There are 2 protein chains.
Amino acid sequence: MTVTIYDVAREAKVSMATVSRVVNGNPNVKPATRDRVNEVIKRLNYRPNAVARGLASKKTTTVGVIIPDISNIYYSELARGLEDIATMYKYQTIISNSDNDPFKEREIFNNLLSKQVDGIIFLGGTLSNETAELIQTSSVPVVVSGTQDNDSALPAVNIDYHSASREITEKLLKDGARQFAFVGGGYSEKARHDVLSGMTEGLKDNGITFNDDAVYVGSEQYLDGEKAFAQLQGLKPDAILCISDEQAIGLVHAAQDAGLNIPDDLQIVSFNNTRLVQMVRPKLSSVMQPLYDIGAVGMRLLTKFMNDEEIEDKQVVLPYHIDYRGTTK
Amino acid sequence: MTVTIYDVAREAKVSMATVSRVVNGNPNVKPATRDRVNEVIKRLNYRPNAVARGLASKKTTTVGVIIPDISNIYYSELARGLEDIATMYKYQTIISNSDNDPFKEREIFNNLLSKQVDGIIFLGGTLSNETAELIQTSSVPVVVSGTQDNDSALPAVNIDYHSASREITEKLLKDGARQFAFVGGGYSEKARHDVLSGMTEGLKDNGITFNDDAVYVGSEQYLDGEKAFAQLQGLKPDAILCISDEQAIGLVHAAQDAGLNIPDDLQIVSFNNTRLVQMVRPKLSSVMQPLYDIGAVGMRLLTKFMNDEEIEDKQVVLPYHIDYRGTTK
DNA sequence: CTGAAAGCGCTAACAG
DNA sequence: CTGTTAGCGCTTTCAG
């Protein structure tokens, strides 16, 4: 039924070892032999069985991807970047949604190990200490993209949320904002923490104490942005830093529906730079995170680990750029 | 180093067959033996090697997913639906982006076969005849979700674009629209064709001949919607059917920037129902396609094929619902 | 440059 | 209920 390496060997009158060599591009084969084998391979339409190969070689050319939610545009852009690099290096990706649930994360992780993946990328979301520990103790290389474990022990690629947040805060202060608020989502605790600390620090240096009342933490979705506005409205904020574009758009619309003018009455800056930023009026001022690149660089880093290449720095910090559009003065 | 079934067998003083039985939940094991084996499994932290299992059993509990672009919100919602069902049935998914390129599609398909996946889901995009043929001749089950091959020979799940389009056309005509236009994207040729035919038919039945000038085919992205408006503007359309939400939002903004009032001067209906529909003002009137379900049902169908369950109908047509929001009268 | 042979870790008859 | 025995299809020494 299915044609195996043995069939090819017999037909080409060589041993399976030789067939294996030509399939794997081993140079130690006489060109004439190589041609003969290749001819048979094509004629028989032989397709190597990757599972058998994986068992024999202990390499599966497969990497696992743990992602909070592939239908979230933020993560799907990371995923695309990572996938492209994986393809470039001839790896396939097994992608699983964790919903940022530590239990699911561990389940996925174990499944991935059982499938003998050559490496794992952990995307976004909060990295719980238990999960981080499980990762530490496993022997397959793991890279974290778009988030970080609490003690930064894992290889990771990120932007510097703290600096970005601080920079934005200074700018908004300069433009007259005084009453700051923060809107975060459920996924990346690390990012949330860094943005908050950057803002708090920026305010403090300018003699303003930031009050925890002005923090809303929700689910990173559009409707959640509307909810956030409803909750924060009483404080009459004139500047909001928001962790997700989708939430930010919800904020914009809720504020407009409440009769506020953006950016005159309220300035909003978000932290994602997905394609959504240009899909509102006014257009969203946003920190341009190189999402595609964060995914891509993460995968590239992983390939280095998988091939035992030398690694200069396990912690990659990618540059960000703040794009001030219509929702800021 | 790694603990194998053999280690467990030795430690539990049984044969590897017995260990295999308890791991696979085979009832023919004395409870006492089962407990002993389980104890050893836990103590040794034994994790079955799925690759070896796959080789021996010829089942990998892995399905392949061919998707045009995971960073496109339309497809990522399909992907999420499919993934959830896959997880429910204990399958992992290998996801690869095809960019709707027939060459890449075939390459991915062959890689997937070589990985011995138990089934393949082909998502969205145009299904070229060559690819369809390749699929036909392979022995693994394949299901197509959100599109269809030209002669509808493959198992597929879809909505009835033709009817939806016709229904919208009638409604818009009733509300006074006379100058129709169509904006499509590069991905699903089948959907584009059906929407166009539904509209043409609806118009024809009302004595209006649809002119091909009023068709724009682009890339399904936001900026492309703006481009489409620029191109169609000269025809002064008062109704546009648009295949993608993202393009539709581009249309809305371009029209507004040109001083048009929506929906008074121009009505727009899109065909996706992604989360984007509510992220514009006015909100987008759109055909509610059950994207998540299209993916989910596709995967469910695939599991039936993989388990040789009985299949009533290889062609599933899911209900749609038209949601008239702010961009229509 | 090529072949023989020993596994990789597990499942699946087949006996008992 | 349990053990024995063949493989699954390929890679990888080791000889020659």
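Naming follows an unreviewed UniProt entry, where chain A appears as Catabolite control protein A of Macrococcus equipercicus.

K.L.:
Explain the protein's contact with DNA strand C to me, and be specific about the residues and the numbers.
P.N.:
Taken together, the neighbourhood of DNA strand C is formed by 28 residues, with Arg21(A), Thr33(A), Ile5(B), Ser20(B) and Tyr46(B) sitting nearest. Among all atoms of DNA strand C positioned within 4 Å of the protein, those belonging to sugar or phosphate total 62%. The separation between a phosphate oxygen of DNA strand C and a polar side-chain atom of Thr33(A) is 2.4 Å. The backbone of Ala52(B) places a nitrogen or oxygen atom 3.3 Å from a base nitrogen of DNA strand C. Among the residues forming the surface near DNA strand C, the class breakdown is 12 nonpolar, 10 polar and 6 charged.

K.L.:
Can you tell me about helix α3 (residues 31-44) of chain A, naming the residues and giving the values?
P.N.:
All names here are of chain A. For α3, spanning 14 residues, the distance from its first C-alpha to its last is 20 Å, which sits close to the expected 20 Å at 1.5 Å a residue. Among the residues of α3, those classed as buried are Thr-33, Val-37, Val-40 and Ile-41. The buried residues of α3 occupy one face: seen down the axis, they fall within an arc of 105°. Away from its buried face by more than 90 degrees, α3 exposes Pro-31, Asp-35 and Lys-42. Structurally, α3 contributes buried residues whose contacts are with α1 (5-12) and α2 (16-23).

K.L.:
Account for the packing of aromatic side chains, with residues named and values stated.
P.N.:
Each aromatic ring pair is described using two quantities: the centre-to-centre distance and the angle formed by the ring planes. Scanning the model with the defined rule gives 4 aromatic pairs over all chains in all. With centroids separated by 4.9 Å and ring planes inclined at 90°, the aromatic side chains of Tyr74(B) and Tyr75(B) adopt a geometry described as edge-to-face. On the accessibility criterion, Tyr74(B) (8% relative accessible area) is buried. On the basis of relative accessible area, Tyr75(B) is assigned to the buried category, the value being 2%. For the ring pair Tyr161(B) and Phe271(B), a centre distance of 6.0 Å and an interplane angle of 35° mean the geometry is tilted. Of this pair, Tyr161(B) sits in helix α8 (residues 161-174) while Phe271(B) sits in the loop between β9 (267-270) and β10 (285-288), and the two are 110 residues apart along the sequence. Like Phe271(B), Tyr161(B) is buried. Note that Lys171(A) overlies the ring of Tyr324(A), its terminal NZ or CZ placed 4.5 Å from the centroid.

K.L.:
Account for the interface of chain A and chain B, naming residues and giving values.
P.N.:
Each partner contributes residues to the interface: chain A has 49 residues there, and chain B has 49 residues. Both sides together, the interface formed by chain A and chain B hides about 4,400 Å², and carbon and sulfur atoms give 52% of it. Taken as a group, Arg80(A), Lys115(A) and Met279(A) account for 16% of the area that chain A buries against chain B, more than any other trio of residues on that side. Connecting chain A to chain B are 10 salt bridges. Close ionic contact of Asp99(A) with Arg80(B) constitutes a salt bridge, the shortest N to O distance being 2.9 Å.

K.L.:
How would you sum up the domain arrangement of chain A? Please name residues and give values.
P.N.:
When the domains of chain A are assigned, the result is domain 1 (5-48), domain 2 (61-159 + 291-320) and domain 3 (161-288). Of note, the centres of domain 1 of chain A and domain 2 of chain A, computed from C-alpha atoms alone, are 37 Å apart.

K.L.:
Residues and numbers for the pairing of β10(B), please.
P.N.:
Residue and element names in this part refer to chain B. Where β9 lies against β10, 2 bridges are found, and the strand directions are parallel. The partner of Ser-270 across the bridge, within β10, is Ser-286. Bridging between β10 and strand β12 (residues 321-323) involves 3 bridges; their strand directions are antiparallel. If you follow Met-288 over to β12, its bridge partner there is His-321.

K.L.:
Could you give me a rundown of unusual backbone geometry, with the residues and numbers involved?
P.N.:
Of note, the bond from Ile262(B) into Pro263(B) is cis; its omega dihedral lies within 30 degrees of zero at 15°. Position of Pro263(B) relative to the elements: it lies in the loop between α11 (245-257) and β9. At the junction of Arg281(B) and Pro282(B), the peptide bond is cis and its omega measures out at -10° in the coordinates. Mapping Pro282(B) onto the fold places it in the loop between β9 and β10. Located in the positive-phi region is Asp99(A), a residue other than glycine, with phi close to 50°. The residue Asp99(A) is located in the loop between β2 (92-97) and α6 (102-114) in this model. The partly exposed category is assigned to Asp99(A), whose relative accessible area is 29%. At Gln116(B), a position not held by glycine, the phi torsion is positive, near 60°. For Gln116(B), the position within the fold is in the loop between α6 (102-114) and β3 (119-123). With a relative accessible area of 29%, Gln116(B) lands in the partly exposed category.

K.L.:
Can you explain the sheet that holds strand β6 (residues 180-184) of chain B? Please cite residues and give values.
P.N.:
Residues and elements named next belong to chain B. Read across the sheet, 6 strands follow the order β7-β6-β8-β9-β10-β12 without closing on themselves; strand pairing throughout is mixed. Where the open sheet ends on each side, the last strands, each with one partner, are β7 (215-217) and β12. Shown here is a sheet whose adjacent strand axes are inclined to one another by a mean of 15°, direction ignored. The sheet strands contacting α8 are β6, β8 (239-242), β9, β10 and β12, and the helix crosses β8 at an angle near 165°. Against the sheet, helix α10 (residues 222-232) makes contact with β6 and β7, and its axis sits at roughly 150° relative to β7, the strand it touches most.

K.L.:
Could you give me a rundown of the protein's contact with DNA strand D, with the residues and numbers involved?
P.N.:
The immediate surroundings of DNA strand D are formed by 27 residues, with Ile5(A), Ser20(A), Tyr46(A), Arg21(B) and Thr33(B) found nearest. Close to the protein, within 4 Å, the atoms of DNA strand D are drawn from sugar and phosphate at a rate of 61%. With respect to DNA strand D, the side chain of Arg21(B) contributes an N or O atom lying 2.5 Å from a base oxygen. Elements with a contribution of two residues or more to the surface near DNA strand D: α2 and α4 (50-57) of chain A together with α2 (16-23) and α4 (50-57) of chain B.

K.L.:
Can you tell me about the sheet that holds strand β8 (residues 239-242) of chain A, naming the residues and giving the values?
P.N.:
Residues and elements named next belong to chain A. With respect to topology, 6 strands assemble into an open sheet ordered β7-β6-β8-β9-β10-β12, the strand pairing being mixed. Of all strands in the sheet, those with a lone pairing partner are β7 (215-217) and β12 (321-323), marking the two edges. Sheet twist, expressed as the average angle between the axes of neighbouring strands with direction ignored, equals 15°. Across the sheet, helix α8 (residues 161-174) lies against β6 (180-184), β8, β9 (267-270), β10 (285-288) and β12, angled at about 165° from β8, the strand it touches most. With respect to the sheet, helix α10 (residues 222-232) is in contact with β6 and β7, its orientation differing from that of β7 by roughly 150°.

Reading the values: rules and limits
Residues numbered from 1 in each chain as written. Chains lettered and ligands numbered in written order. Predicted model: local features only at pLDDT ≥ 70, side-chain atom pairs only at ≥ 80, totals over all residues. Heavy atoms only, no water. Near = heavy atom within 4 Å. Polar contact = N/O pair within 3.5 Å; in protein donor to acceptor, adjacent residues only side chain to side chain. Nonpolar A, V, L, I, M, F, W, Y, C, P; charged D, E, K, R; others polar. Helix = DSSP H or I, 4+ residues; strand = E, 2+ residues; numbered from the N terminus. Expected span 1.5 Å × (residues − 1). Buried < 20%, exposed > 50% of the residue type's maximum accessible area, 1.4 Å probe, protein only. Arc of directions from axis to C-beta. Contact = heavy atoms within 4.5 Å. Phe/Tyr/Trp six-rings, centres within 6.5 Å; stacked < 30°, edge-to-face > 60°. Lys NZ or Arg CZ within 6 Å of the ring centre and 35° of its normal. Buried area = accessible area lost by both parts, 1.4 Å probe. Salt bridge = Lys/Arg side-chain N within 4 Å of Asp/Glu carboxyl O. Domains from an automatic or database assignment. Pairing = 2+ DSSP bridges. Axes fitted to C-alpha atoms, helices over the stretch in contact; angles between N-to-C directions.

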